[in-house]
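# Tertiary structure, described
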Amino acid sequence: MNADHARRAERLLVPAAFATALGNNVQIIAGALLMVREERTMLAVGWLFIAVAAPQALLSPLCGRLADRFDRRALWVGCDAVSAGLALALPLWLAAGGATAVGVYGANFALAVVASLFFPASGALIKERVPAGRLRRFNASYEMATQAGMLLSATVGGLALQAFGAVPLLVFNAGTFVVSAVCVAAVGRRTGAPSSGAVAGAAGGGAGVPMVRVILLYATGSVVVTVFNALLPVFVLGDLNRGPGVFGAVDGLASLAFLGATVVYRVVARRNSDLRIAVAGFLVTDVLLVLQGQLGVPGLFALVPVGAFVFGQARIAARGLVLASASEEAAGRAFGLANGLGLAATIGVMLLVATVTDHTDARYGFALLALVGAVCTVGAVLAPTVRGPVAGQAVQIGGAVSSIPSSRK
């Protein structure tokens, strides 16, 4: 890979990730707020997140194989182009007087189908274009952009929905996917030969970690962040009876905290493995989840940013472990498997937490989510040290590469 092309990829993939994450999550947050206004139950919001998680849980492993067979840059651009059209369909539906629930569930389900391919393709493109020695540092910047886009989406979604209404917000949202597509198209075609299974172990923190632990830790992050995003609007708008502006302000502070987490991660990572950072970060996050549900609005403003700061470092480390465990030829399959299993677990946890919350209140939902997160994290630590391919996926673990070849041209 030419050094100039590699540096250009690093510069452009970060803003592309931010724009895509912002677009995906503005769509979900706006839909969640609309559903809370209409139904005022955790389960109504929970079904929205399930509509997003279910197709990815089913399709991500298969789509990961596609990402290893076809041009990953073209797949990313294509996913963004289709997402822009789907995102624009929802405001047009609402403006024409269509039923809110039908439009929200339908648009988000369709976007999730596209995301099933986008996630493994984007992860594999990073493995392909970023040199192994720079992967750990780049991963911190990329995850910062992704999570900042997710967290900022609550601020944009909450404040803009309150000020301008749903239709202008959702039209703006469609434009974010166009921005991402332009950035990735500008990366250019790949030059040079594949690195024949180069490992990101040189990037630090991942060599020798069993894939089952990597998947469990990544799944833990997926479960916690998705269910938390469903719980928060119910807690703020329902239990606390506050407006979307308060909801947006809380997540705005969390966005700033996550930016700080990225900077601190780079310092912490010099002395700690990604496995240690992920385990410690997720366990501390679980404690904060319980506390913030007990202290009302002051607790949210004080503890959600702290939680984002801690969770941010753990999430960066968990993604880094996936990058460090997969060969370049099978990176799409590794990311597809991790994403699919994580979201499959999210569906079950979402239904459980939603049921408990609707029969009690969001405080118990936060506590239950914390318990699930702690059990999953401890389970990852205690998981058997099986080496080699997991569930038929061709991945590289601790230097041992599977024999399944890639047919991607």
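Structure report, in brief. What you are looking at is a predicted structure, and each value in this text was computed from that prediction instead of being measured.

## Here's the deal with the overall build of the chain
Summing up its helical and strand segments, the chain has twelve helices and two strands in all. Helices (α) and strands (β) of the chain occur, in sequence order from the N terminus, as α-α-α-α-α-α-α-α-α-α-α-α-β-β. The proportion of buried residues among the 409 residues of the chain is 59%. Pairs at least 24 residues apart make up 88% of the contacts formed inside the chain by residues separated by at least 6 positions.

## Notes on the nonpolar core
Judged by nonpolar contacts, the single largest core of 93 residues is most densely connected at Leu13, Trp76, Ile126, Val227 and Leu369. Of the residues forming this core, the biggest block, 16 residues, is contributed by helix 7 (residues 211-239). Other than its neighbours up to four places away in sequence, Leu369 contacts Val223, Val224, Val227, Phe228, Leu231, Leu289, Val349 and Val353. One finds Met35, Leu90, Ala107 and Ala160 within the second-largest nonpolar core, a separate group that totals 13 residues.

## Observations concerning the pattern of salt bridges
In the structure shown here, the tally under the stated rule is seven salt bridges. Here Glu10 ties to Arg134 by a salt bridge, and the two come within 3.0 Å at their closest N and O atoms. Here Glu10 is found in helix 1 (residues 3-39), whereas its partner Arg134 is found in the loop between helix 4 (100-129) and helix 5 (135-164), with 124 residues between them in sequence. Its salt-bridge partner being Arg363, residue Asp361 comes within 2.9 Å of it at the nearest N-O pair. Judged by relative accessible area, which is 17%, Asp361 ranks as buried.

## Topic: empty space enclosed by the protein
Within the structure shown, the criterion is met by four cavities of 30 Å³ or more. As a volume, the largest cavity reaches approximately 680 Å³. As for the largest cavity, its lining consists of 32 residues, of which Asn24, Asn25, Gln56, Phe119 and Met150 are closest to the centre. Breaking the lining of the largest cavity down by element, the ones donating at least two residues are helix 1, helix 2 (42-67), helix 4, helix 5, helix 7, helix 10 (296-325) and helix 11 (331-359).

## Quick notes on the side chain of Gln313
Within the secondary structure layout, Gln313 lies in helix 10. The class for Gln313 is buried, based on a relative accessible area of 10%. Ignoring sequence-local partners within four residues, the contact set of Gln313 consists of Ala261, Val264, Tyr265, Val268 and Ile277.

Scoring rules and cut-offs
- Residues numbered from 1 in each chain as written.
- Predicted model: local features only at pLDDT ≥ 70, side-chain atom pairs only at ≥ 80, totals over all residues.
- Heavy atoms only, no water.
- Helix = DSSP H or I, 4+ residues; strand = E, 2+ residues; numbered from the N terminus.
- Buried < 20%, exposed > 50% of the residue type's maximum accessible area, 1.4 Å probe, protein only.
- Contact = heavy atoms within 4.5 Å.
- Core = buried A, V, L, I, M, F, W, Y, C linked by side-chain atoms within 4.5 Å.
- Salt bridge = Lys/Arg side-chain N within 4 Å of Asp/Glu carboxyl O.
- 1 Å grid on protein atoms, 1.4 Å probe; cavity = no way out; pocket = protein on both sides within 12 Å on 5 of 7 lines; lining within 4 Å.
- Points joined across faces, edges and corners; volume = space filled by probe spheres on them.

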